[in-house]
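Each chain is listed here by its residues.
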Number of protein chains: 2
Amino acid sequence: MANDPKVTSVEPLPASEAKWIEFQKISWTDQTGKPRIWESASRKTRGKSGVDAVAISTIIRHPSRPPSTIIILQYRPPVAAVCVEFPAGLVDEKESCEDASLRELHEETGYRGKMKFISPTIVSDPGMSTANMQLATIEVELKEGDPVPEQALDDGEFIERVVVPIEELYERLMQYSEEGKLVDARLFHYAAGLHMAKTVL
Amino acid sequence: MANDPKVTSVEPLPASEAKWIEFQKISWTDQTGKPRIWESASRKTRGKSGVDAVAISTIIRHPSRPPSTIIILQYRPPVAAVCVEFPAGLVDEKESCEDASLRELHEETGYRGKMKFISPTIVSDPGMSTANMQLATIEVELKEGDPVPEQALDDGEFIERVVVPIEELYERLMQYSEEGKLVDARLFHYAAGLHMAKTVL
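It should be emphasised that the depicted structure is a prediction, and the values quoted were computed from it without experimental measurement.

A. View of the relation of the copies chain A and chain B. Of the transformation superimposing chain A on chain B, the axial component is 0.0 Å and the angular component is 180°, with the fit at an RMSD of 0.0 Å. The transformation just described matches what one would write down for a two-fold rotation axis. A high fraction, 100%, of the interface residues of chain A reappear at the interface in chain B, so the copies pair face to face through one surface.

Below you can see the structure in the form of structure tokens.
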């Protein structure tokens, strides 16, 4: 990366100026019939799929290397740090979540693969926002000597990709954390599940 | 549950009325030195720990039952549905994340356990919000015949707890999804990691 990205100022954002997100005042009645209010944030970009975003758990299979996955590193202004995440992105207006997953994996990592499974719609932080997503599992089959493909990033996108043996994912995330990078909670939970399987089951 | 909770209306929330969340306009410079703007949502409740929330991955050990975990079901107004999540909650103003985890596990499930591990700070949805959290792993040792403990819920909290063998977590979440409940993305990723360990490694 040429320069280190950095946050220069943080100001309150009036609702009328917000282009990408909005606030909602939700009136609801609870289990006793009592009327209550909940405050929530929402993305304005949700399209026909009804799903805001996708993330991709890749399985790279290679004749002489252990099954691996791909994680990405990118600077995230809301947390003012480099974050470690699964490849991911917003679903376009008329796109299916499957197509968005295959597209985002290709753009962010260069790899093309086969959709093995896509999760039901899951919710990213349901106490605070309406944000939802689907998690795709995409398999990439490599042959001995296949070259590392080129990323297809948009102008202004700076994303580093890292191929990690699935067996080593948890340790690798702990290491990134120690270096001051911030691991995405969903990716961390995935690795914690892998680690749990290894240590408890 | 006595009545089914439900959302009755959703309106735009002016920033000046919001008590729990706020919007931020973040000015930052990218890798080429170009000044840019990012919009983000933020909780107003973050205390001294610097961490908004904790979630708990419980391991229940019992002499004659398989290692199990606890998940909770509760209605979440932002997504107008019953969500399936790890026990979780906000960290109080002067509380440590360890104390918050032990407290929330007890309140939401009735169980008391021993802190085995707490994750580094991880970020819940870093493209959209500043929200962060830590994931605690708490071990609960049960003896044969131990009674099921009482929850210690606040007035107005309606939380159902379910003990699930860790081996069956992934299938159980898929089943809840089919029934129309919404699984939290972090819990789903955890189960997907468990499932990946079983099917790929």
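B. Structural context of the pairing of strand β5 (residues 65-76) of chain A. Residue and element names in this part refer to chain A. Within β5, 9 of the 12 residues are buried, which leaves it mostly tucked inside the rest of the structure. Linkage of strand β4 (residues 53-62) to β5, two consecutive antiparallel strands, is achieved through a turn of 2 residues. Judged from the 6 bridges that link them, β5 and strand β11 (residues 160-165) form a sheet pairing that is antiparallel. Bridge pairing in β11 places Ile70 opposite Val163. Taken together, the 5 bridges between β5 and strand β6 (residues 81-85) define a ladder with antiparallel strand orientation. Among the inter-strand pairings, Gln74 is bridged to a residue of β6, identified as Cys83.

C. Spatial organisation of the packing of helix α2 (residues 169-178) of chain B against helix α3 (residues 185-199) of chain B. Residues and elements named next belong to chain B. Two numbers describe how α2 lies on α3: the axes approach to 8 Å, and their chain directions differ by 135°. Here α2 lies oblique to α3, going by the angle between them. The handedness of the crossing between α2 and α3 comes out as left-handed. Taking contact as the criterion, the partners of Leu169, Tyr170, Glu171, Leu173 and Met174 in α2 are, on α3, Leu187, Phe188, Tyr190, Ala191, Ala192, Leu194 and His195. Split into classes, the residues belonging to the contact of α2 with α3 amount to 10 nonpolar, 1 polar and 1 charged.

D. Quick look at the environment of A:Glu160. Residue and element names in this part refer to chain A. Locating Glu160 in the fold gives a position in strand β11. Overall, the relative accessible area of 42% leaves Glu160 in the partly exposed class. Residues in contact with Glu160, not counting those within four places in the same chain, are Ile71, Ile72 and Leu73.

E. Highlighting the pairing of strand β10 (residues 132-141) of chain B. Residue and element names in this part refer to chain B. With respect to burial, β10 is a largely interior element, 9 of its 10 residues being buried. Alignment of strand β8 (residues 114-118) against β10, held across 4 bridges, turns out to be antiparallel. Directly across from Phe117, in β10, lies its bridge partner Thr137. In this structure, strand β9 (residues 122-123) lies alongside β10, joined through 2 bridges in antiparallel fashion. Looking at the pairing, Val123 lines up with Asn132 of β10.

F. Fine view of the pattern of salt bridges. Residue and element names in this part refer to chain A. In this structure the tally under the stated criterion is 30 salt bridges over all chains. Among the salt bridges present, the one from Asp52 reaches Arg46, with a minimum N-O distance of 3.0 Å. By relative accessible area, Arg46 is classed as partly exposed at 34%. Because the salt bridges share partners, they merge into one network encompassing Asp92, Glu95, Arg103, Glu104 and Glu107.

G. Representation of the interface of chain A and chain B in the model. Contact with chain A, which involves 89 residues of that partner, is made by 89 residues of chain B. In total, chain A and chain B occlude about 8,200 Å² of area from one another, counting both sides; carbon and sulfur atoms represent 68% of this. When the buried area of chain A at its contact with chain B is split by residue, A:Phe23, A:Gln31 and A:His189 rank highest and sum to 11% of it. Counting across the interface, chain A meets chain B through 4 salt bridges. Here A:Lys25 ties to B:Glu17 by a salt bridge, and the two come within 3.2 Å at their closest N and O atoms. There are 30 residue pairs in polar contact (both at pLDDT 80 or more) connecting chain A and chain B. The residue makeup of the side of chain A that touches chain B, split by class, is 49 nonpolar, 23 polar and 17 charged. Pairing analysis gives 6 bridges linking strand β1 (residues 6-12) of chain A to strand β2 (residues 21-29) of chain B, with the strands arranged antiparallel.

Conventions and cut-offs
- Residues numbered from 1 in each chain as written.
- Chains lettered and ligands numbered in written order.
- Predicted model: local features only at pLDDT ≥ 70, side-chain atom pairs only at ≥ 80, totals over all residues.
- Heavy atoms only, no water.
- Least-squares fit on C-alpha atoms with pLDDT ≥ 70 in both.
- Contact = heavy atoms within 4.5 Å.
- Buried < 20%, exposed > 50% of the residue type's maximum accessible area, 1.4 Å probe, protein only.
- Helix = DSSP H or I, 4+ residues; strand = E, 2+ residues; numbered from the N terminus.
- Pairing = 2+ DSSP bridges.
- Axes fitted to C-alpha atoms, helices over the stretch in contact; angles between N-to-C directions.
- Parallel < 35°, antiparallel > 145°, perpendicular 65-115°, else oblique.
- Left-handed = near helix turned anticlockwise from the far one by under 90°.
- Nonpolar A, V, L, I, M, F, W, Y, C, P; charged D, E, K, R; others polar.
- Salt bridge = Lys/Arg side-chain N within 4 Å of Asp/Glu carboxyl O.
- Buried area = accessible area lost by both parts, 1.4 Å probe.
- Polar contact = N/O pair within 3.5 Å; in protein donor to acceptor, adjacent residues only side chain to side chain.

None of the figures reported here should be taken as evidence of function without further support.
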